[in-house]
Amino acid sequence: MPKAGSLDQLRLEGFDESELQATEDLLKIEVRSSDVKSRVTQSSVQVKAIGLNFADIFACQGLYSATPTGSFVPGLEFSGIIVEVGADVKERDGWRPKAGERVMGVTRFGGYTTHLLTRSCFVRPIPSDWSYEEGAGFLCTSLTAWYGLVHLGGLKKDQHVLVHSAAGGVGLAALEIVLAHKAHPIATIGTASKASLLQARMRGRRRILGIYVTQERFNLPSSKIIEGIAIVMDSVQGPYFQPCYDRLCRGGRIVVFGAASMTPPGDRPNWIRLAWQWLRRPTVDPLEIIAANKGVLGFNLIWMWDKVEEMSEMLKSMLAAVPWKVRGFDIDLVASPTCQRPLVGKTYKMEDAADALRFLQSGQNVGKVVLVVNSGSS
């Protein structure tokens, strides 16, 4: 992006990847999309696939507070092959990165690329039975769901948990985490057509207590289940906030991590419309919170980028607990038979990144939208 402001400004540019040198504790990664074994013998990271997130849309439109000034490369997560290993890269959690390994990783921007440098603490090996696309759609969404539910929400067994946008990447990861804690999920989805997907993924496991389609004016039905919500994972806000807040049990928490209801429908923001939405945004009286014994918490993981050890420990605990396990010193991550692997709903070629973002923006997607590098037709 030469400058944040509009999706139609996104363009593909070439660069000399040989200028990226893995020094100190850096890895160079090459991004690709096929599962062909790497022929690369030197060290670095070659990107294979790139996961898209709503933050990418907001960054490109200049609505994301963390967006770099001036020109920048969007992208927060990727998968690929290690091509170069810096001399100071050390073993972490029983795993030492090696050239030729398949990895997935997160980055503070810069993910829409064929090659990148990253600190070794921000990558992990891809499970052997996962594709690059699945790896690219896992870390950012799952860490978001884990941090919101477990660290902030205090998720416990038998709690009722409402997950907004449950058919999206974070939503599906949140459902897995709720089920792994033996809690009871309640889901909202944008269109009725997504209900069959959720029902299929839950087949043979603990059921979803309710699946509700969100409309222009959102109202949850009255029932004992809906009146006793312990945690709400809210990536939407707008008219969806107050009905959920009203139905929190005492001690319940709304965890806010997005504002999809304010996503501009076109390539560039409509500032008048956004100003009107901002003026009508939901607010909560702090004195009322005390009386109601409820909580509203917000977070954005990108502002925790400097907390390397905390993020690394969080990733380790998530992989060990739900729904994947760590086995052996090489950290061979193997999907549990009781969980579902990341769902990639649609892929696009890298040169069609703007169209991919428009599709994500439309709310039609289920699971993750992923860019593939050096692939055939999308």
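Residues numbered from 1 in each chain as written. Predicted model: local features only at pLDDT ≥ 70, side-chain atom pairs only at ≥ 80, totals over all residues. Heavy atoms only, no water.

The name recorded for the protein chain in an unreviewed UniProt entry is Enoyl reductase (ER) domain-containing protein, from Guillardia theta.

1. Observations regarding the overall build of the protein chain
Under the convention used in this document: Numbering of helices and strands runs from the N terminus, with a helix taken as a DSSP run of H or I at least four residues long and a strand as a DSSP run of E at least two residues long. When checking whether two residues touch, look at their non-hydrogen atoms; a contact exists if any pair is within 4.5 Å. Note on areas: Shrake-Rupley, 1.4 Å probe, and residue coverage restricted to the protein chains presented here.
Helices and strands together make up the secondary structure of the protein chain, namely eleven helices and 16 strands. Residue pairs in contact within the protein chain that sit at least 24 positions apart in sequence constitute 71% of those at least 6 positions apart. Of the accessible surface of the protein chain, which amounts to about 17,000 Å², a share of 51% is contributed by carbon and sulfur atoms.

2. Observations concerning unusual backbone geometry
Of note in this structure, Phe109 is not a glycine but carries a positive phi near 70°. Of note in this structure, Asn293 is not a glycine but carries a positive phi near 55°. Relative to the helices and strands, Asn293 resides in the loop between α9 (286-292) and β12 (295-298).

3. What to know about the sheet that holds strand β9 (residues 210-213)
The test is simple: One bridge is not enough; two strands pair if DSSP finds at least two bridges between them. To get an axis, a line is fitted to the C-alpha atoms, and for a helix only the part in contact is used. The angle between two axes follows their N-to-C directions and goes from 0 to 180 degrees.
Pairing is parallel in the open sheet, where six strands are placed in the order β9-β8-β7-β10-β11-β12. Looking at strand neighbours, the two that pair on one side only are β9 and β12, the edges of this open sheet. Across the sheet, the mean angle separating the axes of adjacent strands is 15° when strand polarity is ignored.

4. As for the environment of Val178
The residue Val178 is located in helix α4 (residues 169-180) in this model. Considered as a pair, Val178 and Ala145 are 33 residues apart in the sequence and their alpha carbons are 9.6 Å apart. Residues within four places of Val178 in sequence aside, it is in contact with Leu149, Leu155, Val161, Ala183, His184 and Pro185.

5. Looking at the nonpolar core
Put simply, the rule is: As used here, the term nonpolar core means buried Ala, Val, Leu, Ile, Met, Phe, Trp, Tyr and Cys residues forming a set that is joined through side-chain atoms within 4.5 Å. Buried residues are those whose accessible area, probed at 1.4 Å on protein chains only, stays under 20% of the maximum for their type, while exposed residues exceed 50% and partly exposed ones sit between those limits.
By size, the foremost hydrophobic cluster in this structure holds 94 residues, and its most contacted members are Leu149 and Leu198. Ignoring anything within four residues of it in the chain, the contact list for Leu198 reads Ala166, Ala167, Leu172, Leu175, Ala187, Ile189, Ile208 and Ile211. If you look at the next biggest cluster of nonpolar residues, it comprises eleven residues, including Val232, Phe241, Cys244 and Val256.

6. Description of the side chain of Thr107
Heads up, the condition is: Side-chain atoms alone can form a polar contact between residues adjacent in sequence; in general such a contact is a pair of N or O atoms within 3.5 Å, and within protein one must be able to donate a hydrogen while the other accepts it.
Positionally, Thr107 belongs in the loop between β4 (102-106) and β5 (115-119). A polar contact is formed between the side chain of Thr107 and the backbone oxygen of Phe109, at a distance of 2.8 Å. Ignoring anything within four residues of it in the chain, the contact list for Thr107 reads Gly75, Leu76, Glu77, Phe78 and Trp305.

7. Here's the deal with the confidence of the model for the protein chain
Just so we agree on the cut-off: Looking at any residue, its pLDDT shows the predictor's confidence there, from 0 to 100.
In the predicted model, the protein chain carries a mean pLDDT of 83, and the fraction of residues at 70 or more is 86%. Confidence drops under a pLDDT of 50 for residues 34-43, and excluding neighbours within four residues, the segment shows 21 contacts in the predicted structure. In this model, residues 323-338 is a region of pLDDT below 50 whose contacts with residues beyond four sequence positions or in other chains number 41 contacts.

8. Overview of the packing of α4 against helix α5 (residues 195-202)
Threshold: Crossings are classed by handedness, with left-handed meaning an anticlockwise turn of the near helix from the far one by less than a right angle and right-handed meaning a clockwise turn. Each residue is assigned to one class: nonpolar for Ala, Val, Leu, Ile, Met, Phe, Trp, Tyr, Cys and Pro, charged for Asp, Glu, Lys and Arg, and polar for all the others, Gly among them.
The N-to-C vectors of α4 and α5 enclose an angle of 35°; their axes lie 12 Å apart at closest approach. The crossing of α4 and α5 is right-handed. Counting all contacts with α4, which are made through Leu172, Leu175, Glu176 and Leu179, the residues of α5 involved are Leu198, Arg201 and Met202. The residue inventory of the contact of α4 with α5, partitioned by class, reads five nonpolar, no polar and two charged.

9. Here we look at helix α3 (residues 139-152)
This is how the line gets drawn: In a helix, the anticipated span is given by 1.5 Å times the number of residues less one.
In a regular helix each residue adds 1.5 Å, so 14 residues correspond to 20 Å; α3 covers 18 Å between its end C-alpha atoms and thus fits that length. The element α3 is largely enclosed, with a buried count of twelve among its 14 residues. Within the span of α3, buried status applies to Leu139, Cys140, Thr141, Ser142, Leu143, Thr144, Ala145, Trp146, Tyr147, Gly148, Leu149 and Leu152. Gly154 occupies a position one or two residues after α3 and carries a positive phi of about 65°.

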